[in-house]
Amino acid sequence: QVQLVESGGGLVQPGGSLRLSCAASGSIFSINAMGWYRQAPGKQRRESVAAITSGGSTNYADSVKGRFTISRDNAKNTVYLQMNSLKPEDTAVYYCNAVPFDRRYWGKGTLVTVSS
């Protein structure tokens, strides 16, 4: 059974940084690509933020390109999202999942609030 547990969220001022972690149990790391998604307050849709293949190739949403960096440690079954130069519009609950996502794998997410 696959479980994904996100952590590292919190309250940060604009321009600040946070690093999110996603610890995976089960066989999810046999899936080629992993990604981070976010759901902003009041929005129903989760948007893709960043993705990384098992080989380390990455892809980013235009809104975070140059500010966010996704990485993975296959030995630790963990995916990370380093977020720099945070903006208020980055405020959201952040989730990790496979790419494309699998509805069975959604965790509780971790809340990131960017506010002064």
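Residues numbered from 1 in each chain as written. Predicted model: local features only at pLDDT ≥ 70, side-chain atom pairs only at ≥ 80, totals over all residues. Heavy atoms only, no water.

Visitor: Can you walk me through the sheet that holds strand β7 (residues 68-73) in this structure?
Guide: Within a sheet, neighbouring strands are paired by backbone hydrogen bonds and run either parallel or antiparallel to one another. If you trace the four strands from one edge of the open sheet to the other, you get β1-β3-β8-β7, paired in antiparallel fashion. Two strands bound the open sheet, and with one partner strand each, they are β1 (3-7) and β7. For this sheet, the mean inter-axis angle between neighbouring strands, taken without regard to orientation, is 15 degrees. Here six bridges tie β7 to strand β8 (residues 78-83), and the two strands are oriented antiparallel to one another. Paired with I70 across the bridge in β8 is L81. (Pairing = 2+ DSSP bridges. Helix = DSSP H or I, 4+ residues; strand = E, 2+ residues; numbered from the N terminus. Axes fitted to C-alpha atoms, helices over the stretch in contact; angles between N-to-C directions.)

Visitor: Can you help me understand the state of the cysteines in this one?
Guide: Disulfides are covalent bonds that link the sulfur atoms of two cysteine residues. By the definition in use, this model includes one disulfide. Shown here is the disulfide that connects C22 with C96, its sulfur atoms set 1.8 Å apart. Because the torsion about its S-S bond is 50 degrees, the bridge between C22 and C96 counts as right-handed. Separated by 74 residues along the polypeptide, C22 in strand β3 (residues 18-25) and C96 in strand β9 (residues 92-98) bring together distant segments of the chain. The exposure class of C22 is buried, given its relative accessible area of 0%. Residue C96 is classed as buried on the basis of its relative accessible area, which comes to 0%. (Disulfide = S-S within 2.5 Å. Buried < 20%, exposed > 50% of the residue type's maximum accessible area, 1.4 Å probe, protein only.)

Visitor: Quick question: what am I supposed to make of unusual backbone geometry here?
Guide: Glycine aside, the phi torsion of most residues is negative, and most peptide linkages are trans. Here V99 and P100 are connected by a cis peptide whose omega angle stands at -5 degrees. Looking at the secondary structure, you find P100 in the loop between β9 and β10 (110-114). Within the chain, N77 stands out as a residue other than glycine whose phi angle is a positive 50 degrees. Inspection of the secondary structure assignment puts N77 in the loop between β7 and β8. Relative accessible area serves as the criterion here: at 22%, N77 is assigned to the partly exposed category. The backbone of S85 shows a phi angle near 50 degrees, a positive value even though the residue is not glycine. With respect to the helices, strands and loops of the structure, S85 is situated in the loop between β8 and β9. Here S85 falls in the partly exposed class, since its relative accessible area comes to 41%.

Visitor: What is the right way to read the nonpolar core from this model?
Guide: The nonpolar side chains of a soluble globular protein tend to be buried with one another. Core analysis: the biggest nonpolar cluster contains 28 residues, and W36, L81, M83 and Y94 have the highest contact counts within it. Where this core is concerned, the elements lending two or more residues are β3, β4 (33-39), β5 (47-53), β7, β8, β9 and β10. (Core = buried A, V, L, I, M, F, W, Y, C linked by side-chain atoms within 4.5 Å.)

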